[in-house]
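# Architecture at a glance
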Protein chains: 2
Amino acid sequence: MEKSSSLTQETKEYYMQLALAEAKKAQAIGEVPIGAIVVLDGKVIGAGHNLREHDQDATAHAEMFAIRQACQNIESWRLERSQLFVTLEPCPMCSGAMQLARVEEVYFGAYDPKGGAAGSLMKILTDERFNHWSYVEGGILSTACGQLLTDFFRELRKKRKAAKKSPNPL
Amino acid sequence: MEKSSSLTQETKEYYMQLALAEAKKAQAIGEVPIGAIVVLDGKVIGAGHNLREHDQDATAHAEMFAIRQACQNIESWRLERSQLFVTLEPCPMCSGAMQLARVEEVYFGAYDPKGGAAGSLMKILTDERFNHWSYVEGGILSTACGQLLTDFFRELRKKRKAAKKSPNPL
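Cut-offs applied
- Residues numbered from 1 in each chain as written.
- Chains lettered and ligands numbered in written order.
- Predicted model: local features only at pLDDT ≥ 70, side-chain atom pairs only at ≥ 80, totals over all residues.
- Heavy atoms only, no water.
- Least-squares fit on C-alpha atoms with pLDDT ≥ 70 in both.
- Contact = heavy atoms within 4.5 Å.
- Pairing = 2+ DSSP bridges.
- Helix = DSSP H or I, 4+ residues; strand = E, 2+ residues; numbered from the N terminus.
- Axes fitted to C-alpha atoms, helices over the stretch in contact; angles between N-to-C directions.
- Buried area = accessible area lost by both parts, 1.4 Å probe.
- Salt bridge = Lys/Arg side-chain N within 4 Å of Asp/Glu carboxyl O.
- Polar contact = N/O pair within 3.5 Å; in protein donor to acceptor, adjacent residues only side chain to side chain.
- Nonpolar A, V, L, I, M, F, W, Y, C, P; charged D, E, K, R; others polar.

## Here's the deal with the relation of the copies chain A and chain B
The operation relating the two chain copies consists of a rotation about an axis and a shift along that axis. Superposition record for chain A on chain B: RMSD 0.0 Å, screw rotation 180°, translation along axis 0.0 Å. In short, the pair behaves as if placed about a two-fold rotation axis. For chain A, the minimum C-alpha distance to the rotation axis belongs to A:Met93 and amounts to 1.9 Å. In this assembly the copies share their binding face: 100% of the residues contributing to the interface of chain A also contribute to that of chain B.

Written out as structure tokens, the structure is:
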């Protein structure tokens, strides 16, 4: 079944800006900058950012926090009619979580050719063998979303190089 | 790269019994009976059971609780060298979580032909395009694991049928 978007380009970009603001919260504490929000009936009902290192939890991805918060907010595990916005193409875990939560529309920013499961390496959210599938659209504000990641990793490499050059005298 | 199991059949069945005990905790509170444990160096470091309805959380799968508890216990998101046991073949979300946590060996009980992502519909854990892949073995105590689910759903249908026959007079 062909699914379609319920949002205008302007609305998509507005919500992606909110996901980007979440990503910047991760960046501010040294985490890989990825952010996500869940929208229902025009209201943000869930938001989250990557916290893998701080939480030392492999499952602490932006989308998981956003989905769990959304479920709590509406007191239901069914996020039917909702839209999810995330700055990077979701991995298999997060795509699977969206499928389980029955998210209606998924919008992501930058593509992840090495690990993306919403189009790049796999298509979990549009696989009709599963009970639920979603409308998926990538590339929303992709330059801004991608730049945030590129800058983060460039900075990280610089810091690591500097640390190597001036080793701790102790 | 071919991966192999580090455990004897007896040990696999011993740990699957522990996962089954977790599944029975879910059954006792009316949740679909699925249980999981994570083992590291012969010790159980994480355990969990399905709590989707109680938590009203789409991500509240047995494996997610087991993985998060394991990460907390060893204070690391890297569950390298660990084994995970789950009574039902994991879905895309849980398979993805195991991949992210770098679980070394994954053992499941019953196959899930309609939703399994560790062999049935997808092979997330052995897909070499990703950074990490695991040894995967299905069918451990599959009769006991499957029977628990079959009995649960039979009971549920019976209750629903009874409820239809004698509707609430209010």
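## Some points on the sheet that holds strand E3 (residues 83-88) of chain B
All names here are of chain B. Ordered by their spatial adjacency, five strands build an open sheet running E2-E1-E3-E4-E5, and the pairing between neighbours is mixed. Of all the strands in the sheet, just strand E2 (43-49) and strand E5 (135-137) have a single pairing partner and so form its edges. Each strand of the sheet is rotated relative to its neighbour by a mean of 15°, with strand direction disregarded. As paired strands, strand E1 (residues 35-40) and E2 are joined by six bridges and run antiparallel to one another. Along E2, the bridge assignment pairs Val39 with Val44. With respect to the sheet, helix H3 (residues 62-74) is in contact with E1, E2 and E3, its orientation differing from that of E2 by roughly 145°.

## Observations regarding the interface of chain A and chain B
Tallying the contact residues gives 30 residues for chain A and 30 residues for chain B. Across the chain A to chain B interface the summed buried area is about 2,600 Å²; carbon plus sulfur atoms make up 69%. It is A:Gln56, A:Trp77 and A:Leu100 in chain A that bury the most area against chain B; as a group they hold 23% of the surface buried on that side. Connecting chain A to chain B are zero salt bridges. At the junction of chain A and chain B, the tally comes to six residue pairs in polar contact (both at pLDDT 80 or more). For the side of chain A that touches chain B, the elements supplying multiple residues, two or more each, are helix H2 (52-55), helix H3 (62-74) and helix H4 (92-100) of chain A. Here the residues of the side of chain A that touches chain B sort into 15 nonpolar, seven polar and eight charged.

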